[in-house]
Amino acid sequence: PKPGVRTKPRRKRDPNHRMLPLPHVSSQPSTGLTLGGSLNYSYRKPGEEFNRAYLLAWSRVSTRGVQDHIASGRLRDVLGRKEVIQFGLWISLDPVYPYFGINNHEHLGGTDQTGPYNRMKMDNYGGWFTYEHPLWLLHRPNRPVGTLRHYSGLFYYVDVVKGYPNSRLVERDPQLIGTYRRGILRGGLTWDSRDNDWSPTEGSLIDLTADLAGPYTGSTSSWGRVHGTARNFWPLGHSGFVFAHRITLDALFGQAPLMALGELGGLFPMDAYGGAFIGRGFARRRFIGNFKAAASAEIRFAPIEFKIGRSKLGLGFEGFVELGLVSMKIADLFKAWYPSGGPGVLLIWNRFVVFRIEAGFSREGGAVYLQSEHAF
């Protein structure tokens, strides 16, 4: 500056606030290669492993015409009560949505599982709001605090189901075609003792929830769900290896719509059974029905870490095995078993963003997955 000219001091960057635009790349056989982008914002106080605020907006489109547009947020302790608030809006347009039939255990290995016969068109529009309030805290020396929370949530979706000529849906189950509303009241309990949201190395995340839906919630039909999932993370001594496992039980009752038959409830609803997050190696939503049980186990290891500016990039690998059960009647749950497994490569950015590349293998073939978070 010229002599005598006063300049404003440069504002220092606040390291507690992080804004991270990211390109998105993911892939699985049913949707093809998916490209897009997201804008991630987080606020974390010094010395804390959990984000006080995390906001996400993303838009992505696949080579097979699948579109996902999401805006969501997670807030912690904004009311000073150690609570967790989550909310979001979702639009999905899927012209290659899988449909292999309800409770279909026929062996499909060697067939065209991504072909038009096993496809339909599914458009989804909806949003959610959930609230978790702490009921009890467990303080342990040199370990993360364990928190028992009450969980309640409100979800509302509109599903538009359309069939293609000569497809499985049109030929065998044309009554499923139409528009369905799903208004869901969800309540339950959660236990969280993890050391990190995105890439935990110890602790547990357990949820027990119940859903109710009917005319009183704006739903097309009356139905409900009972769900339980336990996720545990164990450091194997000081080796750097982490053993992670997940056990899930999920039961529907009443006149559940097609979307509910092919997903799991709880804290993180997902397609099931089969796909990039559960049942890896089987086609997406390969097995659907009222009753589902699943177990997953992984060994994770990230021995290499690079420092890039103020950030850290971890490079590692994993191996996983999974086992699933699905049926329409609880008495038939153990009649068919679906094992799968495979290896994977991990990229972990500041324990904030996880990118995994996995190969899953099952009795019906194999698949390669690229995803921007752990399976659990």
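From a predicted model like this one, the values you see are computed outputs, not experimental measurements.

A. Representation of the side chain of Gln-28. Relative to the assigned elements, Gln-28 resides in strand S1 (residues 17-28). Owing to a relative accessible area of 13%, Gln-28 belongs among the buried residues under this scheme. Residues within four places of Gln-28 in sequence aside, it is in contact with Gly-275, Ala-276, Arg-284, Val-368, Tyr-369 and Gln-371.

B. Local environment of the packing of aromatic side chains. Counting across every chain of the model gives 12 aromatic pairs. A centroid spacing of 4.0 Å and a plane angle of 10° characterise the contact between Phe-241 and Phe-301, whose relative ring orientation is stacked. Of this pair, Phe-241 sits in strand S11 (residues 241-254) while Phe-301 is found in strand S14 (residues 291-308), placing the two residues 60 residues apart along the sequence. Between Tyr-273 and Phe-282, the aromatic rings sit 6.5 Å apart at their centres with planes inclined by 50°, giving tilted as the arrangement. Here a set of aromatic residues connected by ring pairs shows up, and it is made of Tyr-273, Phe-282, Phe-287 and Tyr-338. Positioned above the aromatic ring of Phe-376, the side-chain terminus of Arg-300 is 5.1 Å from the ring centre.

C. Seen up close, the side chain of Arg-168. Structurally, the position occupied by Arg-168 is in helix H1 (residues 168-172). One buried charged side chain, Arg-168, makes no salt bridge at all; its nearest oppositely charged neighbour is Glu-106, positioned 4.8 Å away. Within the structure, the side chain of Arg-168 is placed 2.9 Å from the side chain of Asn-118, a separation counted as a polar contact. Contact partners of Arg-168, with chain neighbours within four places excluded, come to Tyr-99, Phe-100, Gly-101, Asn-104, Tyr-117, Asn-118 and Asp-173.

D. Here's a closer look at the pattern of salt bridges. Here the structure, examined in full by the defined rule, presents 23 salt bridges. A salt bridge links Glu-263 to Arg-225, with the nearest nitrogen and oxygen atoms 3.7 Å apart. Of this pair, Glu-263 sits in strand S12 (residues 263-264) while Arg-225 sits in strand S10 (residues 223-235), and the two are 38 residues apart along the sequence. The network of salt bridges with common partners includes Asp-159, Arg-182, Arg-186, Asp-211, Arg-225, Asp-250 and Glu-263.

E. Molecular detail of the pairing of S11. Across 13 bridges, the pairing between S10 and S11 is antiparallel. In the strand pairing of S11, Thr-229 is matched with Thr-248. Joining the antiparallel neighbours S10 and S11 is a turn of five residues, in which Gly-237 adopts a positive phi near 65°. Examined bridge by bridge, S11 and S14 share 11 bridges and lie antiparallel to one another. Within S14, the residue paired with Ala-251 across the bridge is Phe-291.

F. Representation of a nonpolar patch on the surface within the structure. On the surface, a nonpolar cluster with roughly 610 Å² of combined accessible area is contributed by Ile-304, Phe-306, Ile-308, Leu-315, Val-345, Leu-347, Ile-357 and Val-368. Of all elements in the fold, only S14 and strand S16 (338-349) reach the threshold of two or more residues within the nonpolar patch. Among the elements that line the nonpolar patch, the one with the most residues is S14, at three residues. Relative to the helices and strands, Ile-357 resides in strand S17 (residues 353-362).

G. Structural detail: the environment of Trp-223. Within the secondary structure, Trp-223 sits in strand S10. The buried category is assigned to Trp-223, whose relative accessible area is 3%. Along the primary structure Trp-223 and Gln-175 are separated by 48 residues, whereas in three dimensions their C-alpha atoms are 18 Å apart. Leave out the neighbours within four places in its chain, and Trp-223 touches Arg-182, Ile-184, Asp-211, Leu-212, Ala-213, Leu-252, Phe-253, Gly-254, Gln-255, Ala-256, Pro-257 and Ala-260.

H. Region of interest: the pairing of strand S18 (residues 365-371). Across seven bridges, S17 lies against S18 in antiparallel orientation. Of the residues in S18, the one forming a bridge with Phe-361 is Gly-366. Here S17 folds back onto S18, and the loop between the two strands holds two residues.

I. Summary view of unusual backbone geometry. Along the chain, Ala-272 connects to Tyr-273 via a cis peptide bond; the corresponding omega equals 10°. Topologically, Tyr-273 is positioned in the loop between strand S13 (270-271) and S14. The backbone of Lys-82 sits at a positive phi, close to 60°, despite the residue not being glycine. By the element assignment, Lys-82 lies in the loop between strand S4 (67-76) and strand S5 (84-98). The backbone of Arg-285 shows a phi angle near 55°, a positive value even though the residue is not glycine. Considering the arrangement of structural elements, one finds Arg-285 in the loop between S13 and S14. The class for Arg-285 is buried, based on a relative accessible area of 3%.

Definitions and limits used
- All residue numbers refer to positions counted from 1 along the written sequence of the respective chain.
- Local features in a predicted model are, by the rule used here, given only for residues with pLDDT of at least 70; side-chain atom pairs are given and counted only at 80 or more, and totals for whole chains, interfaces and linings are based on all residues.
- For the side-chain quantities, the full set of heavy atoms in the structure was used; hydrogens and water were omitted.
- Per the convention used, a helix needs a DSSP run of H or I reaching at least four residues, while a strand needs a run of E reaching at least two, with both numbered from the N terminus.
- Between buried and exposed lies partly exposed: a residue is buried under 20% and exposed over 50% of the maximum accessible area for its type, with that area taken using a 1.4 Å probe on protein chains only.
- We call two residues in contact when some of their heavy atoms are within 4.5 Å.
- A pair of aromatic rings is counted whenever rings of Phe, Tyr or Trp (Trp by its six-membered ring) have centres within 6.5 Å, and the orientation is called stacked for planes under 30 degrees apart, edge-to-face for over 60 and tilted otherwise.
- Geometrically, a charge over a ring is one whose NZ (Lys) or CZ (Arg) sits within 6 Å of the ring centre while staying within 35 degrees of the ring normal.
- As used throughout, the charge tally considers Lys and Arg to be positive and Asp and Glu to be negative, leaving His and the chain termini uncounted.
- Between Lys or Arg on one side and Asp or Glu on the other, a salt bridge is scored when a side-chain nitrogen of the former is within 4 Å of a carboxyl oxygen of the latter.
- Nitrogen and oxygen atoms within 3.5 Å of one another constitute a polar contact, given that in protein one can donate a hydrogen and the other can accept it, and given that sequence-neighbouring residues count only through two side-chain atoms.
- Two strands form a pair only when DSSP identifies at least two bridges running between them.
- Patch building starts from residues that exceed 30% relative accessible area and form no salt bridge, then joins like charges within 9 Å and nonpolar side chains (Val, Leu, Ile, Met, Phe, Trp, Tyr) within 5 Å.
- To be clear on the numbers: accessible area is Shrake-Rupley with a 1.4 Å probe, and residue cover counts the displayed protein chains and nothing else.

Honestly, that's just the spatial picture; any functional story needs more than this.
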